[in-house]
Structure formats: C-alpha cells, structure tokens
Amino acid sequence: MRIPLAVGLLLVAVPALAQPAPSPAPPRPAAVPEFDDGTFTAFSFFAENDVIFQLGHNEDRNYTGGFGFQFSGSFIRKARLDAPLRGLDRLTRVSTKHDEWDRRFYTLLVFGTGFTPDLINTPDPVRDDRPYGSLLGVSVRRLAVNDASFDEAWSSEFALAMLGLHQSRNLQTWLHRRLRAKSGEDTPYDPLGWHNQISDGGEPTALYRVGYERRLLGDPSGPDNRKHFQLTGGAAASAGYYTNANLVANARAGWFTSDFWEFTPGAMNAATQNLGTGRRRTPEWELFLFTGVRPRLNVYNALLQGQFKDSVHTVGIKRGQVEWDLGAAVFVPFLRLQVTWNALAGRSPEFTGGQARTHTWGSLVGTYAWPVKPRP
C-alpha cells in the first residue's frame, strides 16, 4: 500500500522533532588584543666613527663610520611595516617563539655605514687591504619578551639596503675637509678611491637576523625593578649581506631600571629598544657601565667579498672573529633622554691579507623617550 506523501513526511518529521534540539555552539572567545606599549615611544640617533673620542686609536680605516635614526612604537605594526618580517618569521618558524609571549616591541631603523682601506689618498685599488664599502638601508625589528619573568627575549629583524652608493664618499669627504679646516693641517686626506668600492654605482641587498638573549646572573628583570648588576647571554644568526652566527654576553653595573632587552651595547649591530621609560610610573635616574663581547663565525660578508655585481677589488674573510664594547650610559628623567657613550667598540681582523688588523671606534647614542600615559 502506497503511503500518502503528507503522511510519509510526517513519519519522517516526527522522530526528528522528538530528538532534543542540539545545544548551540559556544560563543567564540574574543581575540586578545596585542600588547601595545604606545603608538610612538622613542626616537634614537646613532653616530659611530673613529673620530669620536674613544679609548682606542683613531686610525681612520676599516669601519670608518656609521649613523642611524631609529623610531620605536606600535605604529610599525599598525601600518604593517613589519609584514615582510612576519612572513620570514613564519617561514623560519621563529613566529612560534614570538607568539609564546604577549609583550612585543617594534623598531624602525634608517642606517648607513662606510668602510675604507688605510691608504685613501690614491685612486688605485689597495690590493693588500680591505675594499671600500658602503651600505644604506632601512630595517624593521620586533622583539618578544617573556611577560612572566622578563628574563628572556626573542628578536628578529629584516633589512633592505643598497650597496655601493656615493653617500659615504660624500660624507667622508665633507668631514675630512671640516677637520682640516679646523686643525690647519694637511690631513686627513680626501678619499680618492671610492669608485673602487664594492658594487660601485649601487646594488640592492637584504638581511634577516634572529636572536635570543636571557638573564644569567644579577638582579631580577622587571619594568620597575631597581637593578645594580645584570649579566646576560644568548646567540644570534644572520643571513644576507652578513651571513654569520655569534654568541652574545653583555653586562651592566650601576643604577638602572631598564631591562637588558631595552639596551644593547653594540648600537648598530642590534639597536636599542624603546627603554620602557614612557611606560614607567616614575621614570628614574640611571647611571651604569656596560660591556659586551660577541664571538662570531663568519660565512659570508658582501662588504668584503662582493655580491652579484662585479667589484674592482674583493678579499677573503676570516671565519673566526670577535667584537666587543665598553662604555657608560646615563638617563636623565626630567629630559626623558638617555645618552650612551661606547668608549671602546672594537673588532678583531675580519679579512685575509697583509693589512688585516684589529680596529676600534667610538659611538654616541641619544634616545628620547616619548611621554606615554602610564598603565594603571
């Protein structure tokens, strides 16, 4: 017997109606907003040169100078200026380290560096010495801090730059002429060999760096903790125009409340962060001595070996190398200004050849901590 369609539908529908209604899906938790230390938290200016007063010798060779303008704050993330860096972090799985901790900081650095041989008053390549080299670029860096202990930090950085431009030549020529006019002497000479620099005329380049650092000894970390001594250690690796791996050991002694991840002795190597002073309830005076050492294993250095573009003169690199820093810093709260003097920045021989040598320079860093409304 054929069951009428309406009855058949009813026989199907009734058992279904008899079943208890499925419970509604639990509401999805709202996304936790990313930690925001402030849209703009600090501005820093870096100057490194062998003419800056130092405890070593001004020899006007090798790393002859560098500069940097750094801006700190969450505007970098909000404007997605860190998008290429985030992509690389996901590719290398470093993003999993950043995501472990909620407290993250961002910096944008515009930088330039210049390198010369010892003999600069000749237009010919100096074959037994390092080549001229220059780098002009911009980098974005983000840093994640263990917000439970403040004793660990992961950082990553991506830089885009140009090799072989003429800004370093122009700046060095101007500086040497000013020094001669002031002293009335014939030296320092105008540099005549910049047309022999690595990738002369310009060539794009890039770098990706990852680092980890943690407190090993000394007073506990924390944004409002008064400290007198801290020793930290870590490691870093870079791929790009500098391809290397290095260990890190840094120490500070004196009176300070900033944390180790807010201050790095090697100014242009891994720039200082936002100092945290904008977020402190009561910014306080700081006065401390610092030192650092970075033993390094070098794989490639474009400023010595050249890149894809043909260069007039290149040299081989030293695989083993060490860098060091020694200096002092002061933070003046009513000016919201920190001044750092690296009195003995140095580097062991970095290339092979008859003129390979250790060299030193001095550096000055001024950081203005932008006023930010304190957290309750």
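Going by the structure above, here's the rest.
As the structure is a prediction and not an experimental result, all values here were calculated from the model. (Residues numbered from 1 in each chain as written. Predicted model: local features only at pLDDT ≥ 70, side-chain atom pairs only at ≥ 80, totals over all residues. Heavy atoms only, no water.)

K.L.:
Any chance you could break down the sheet that holds strand 10 (residues 320-332) for me, citing the residues and the numbers?
P.N.:
Pairing within the closed barrel is antiparallel, and its twelve strands lie in the order 1-2-3-4-5-6-7-8-9-10-11-12. Across the sheet, the mean angle separating the axes of adjacent strands is 20 degrees when strand polarity is ignored. Alignment of strand 6 (residues 203-218) against strand 7 (residues 227-240), held across eleven bridges, turns out to be antiparallel. Within strand 7, the position partnered with R214 by the bridge is G233. Running over the sheet, helix 5 (residues 167-183) touches strand 1 (42-49), strand 2 (62-72), strand 3 (103-116) and strand 4 (133-145) and is turned about 65 degrees from strand 3. (Pairing = 2+ DSSP bridges. Helix = DSSP H or I, 4+ residues; strand = E, 2+ residues; numbered from the N terminus. Axes fitted to C-alpha atoms, helices over the stretch in contact; angles between N-to-C directions. Contact = heavy atoms within 4.5 Å.)

K.L.:
Which residues make up the side chain of E262, and what are the values?
P.N.:
When you line up the elements, E262 lands in the loop between strand 8 (242-256) and strand 9 (286-301). Among the polar contacts made by the side chain of E262, one reaches the main-chain amide nitrogen of D259 at a distance of 2.7 Å. (Polar contact = N/O pair within 3.5 Å; in protein donor to acceptor, adjacent residues only side chain to side chain.)

K.L.:
Explain the environment of T367 residue by residue, including any values.
P.N.:
Looking at the secondary structure, you find T367 in strand 12 (residues 359-369). Its relative accessible area of 2% is what places T367 among the buried residues. Each C-alpha atom of the pair T367 and F331 lies 9.0 Å from the other, and the pair is 36 residues apart in sequence. Within the local environment of T367, its side chain forms a polar contact with the side chain of S44, the two groups lying 2.7 Å apart. (Buried < 20%, exposed > 50% of the residue type's maximum accessible area, 1.4 Å probe, protein only.)

K.L.:
Before we move on, can you summarise the pattern of salt bridges with the specific residues and values?
P.N.:
One pass over the structure, following the stated rule, counts 17 salt bridges. With a closest N to O distance of 3.5 Å, R61 and D118 form a salt bridge. You can see R61 sitting in the loop between strand 1 and strand 2 and its partner D118 sitting in the loop between strand 3 and strand 4, a full 57 residues away along the chain. Taking the relative accessible area as the measure of exposure, R61 reaches 15% and is therefore buried. Here D118 falls in the partly exposed class, since its relative accessible area comes to 36%. Note that R130 and E350 form a salt bridge whose closest N and O atoms lie 3.0 Å from each other. Linking R130 in the loop between strand 3 and strand 4 with E350 in the loop between strand 11 (337-347) and strand 12, this pair joins segments that are 220 residues apart in sequence. Overall, E350 belongs to the buried group, its relative accessible area being 5%. Each of R130, R294, R296, E323, D325, R347 and E350 takes part in salt bridges that share partners, so that together they form one network. (Salt bridge = Lys/Arg side-chain N within 4 Å of Asp/Glu carboxyl O.)

K.L.:
An account of the packing of aromatic side chains is requested, with residue identities and associated values reported.
P.N.:
All chains considered together, the criterion is met by 16 aromatic pairs. Here the aromatic rings of F45 and F69 are separated by 5.2 Å at their centres, their planes lie at 45 degrees, and the arrangement is tilted. Placement of F45 in strand 1 and of F69 in strand 2 is noted, with a sequence separation of 24 residues between them. Overall, F45 belongs to the partly exposed group, its relative accessible area being 35%. The partly exposed category is assigned to F69, whose relative accessible area is 33%. Every member of this aromatic cluster is reached through a ring pair, and the members are F40, F75, Y368 and W370. R252 extends its terminal NZ or CZ atom over the ring of F256, reaching a point 4.2 Å from the ring centre. A cation over an aromatic ring shows up here: R252 above the ring of F288, its NZ or CZ 4.8 Å from the ring centre. (Phe/Tyr/Trp six-rings, centres within 6.5 Å; stacked < 30°, edge-to-face > 60°. Lys NZ or Arg CZ within 6 Å of the ring centre and 35° of its normal.)

K.L.:
Kindly report on the side chain of R296, identifying the contributing residues and their values.
P.N.:
Residue placement: R296 occurs in strand 9. Relative accessible area serves as the criterion here: at 12%, R296 is assigned to the buried category. A polar atom in the side chain of R296 sits 2.9 Å from the side chain of E323.

K.L.:
Summarise helix 5; cite the residues concerned and give the values.
P.N.:
Between its first and last C-alpha atoms helix 5 spans 24 Å; for 17 residues at 1.5 Å apiece the expected length is 24 Å, and the two agree. Of all the residues in helix 5, the buried ones are S168, Q172, T173 and H176. The arc that holds every buried residue of helix 5, seen down its axis, measures 125 degrees, which confines them to one face. What points out from helix 5, more than 90 degrees from its buried face, is the exposed set W174, R178, A181 and K182. Buried-residue contacts for helix 5 involve strand 2, strand 3 and strand 4. Positive backbone phi, approximately 75 degrees, marks G184, located one or two places after helix 5. (Expected span 1.5 Å × (residues − 1). Arc of directions from axis to C-beta.)

K.L.:
Explain a nonpolar patch on the surface to me, using residue names and the numbers behind them.
P.N.:
Together, F45, F69, V110, V138 and L160 give the surface a local cluster of nonpolar side chains, amounting to about 380 Å² of exposed area. Inspection of the secondary structure puts L160 in strand 5 (residues 152-163). Relative accessible area serves as the criterion here: at 48%, L160 is assigned to the partly exposed category. (Patch = residues over 30% accessible without salt bridge, like charges linked within 9 Å, V, L, I, M, F, W, Y side chains within 5 Å. Areas by Shrake-Rupley, 256 points an atom, 1.4 Å probe, with all protein chains shown as cover.)

K.L.:
Explain the environment of L304 residue by residue, including any values.
P.N.:
Relative to the elements of secondary structure, L304 occurs in helix 6 (residues 302-305). In this structure the C-alpha to C-alpha distance between L304 and P131, which are 173 residues apart in sequence, comes to 6.5 Å. If we skip the residues at most four places from it in the chain, L304 touches R130, P131, I198, T314, V315, I317, E350 and F351.

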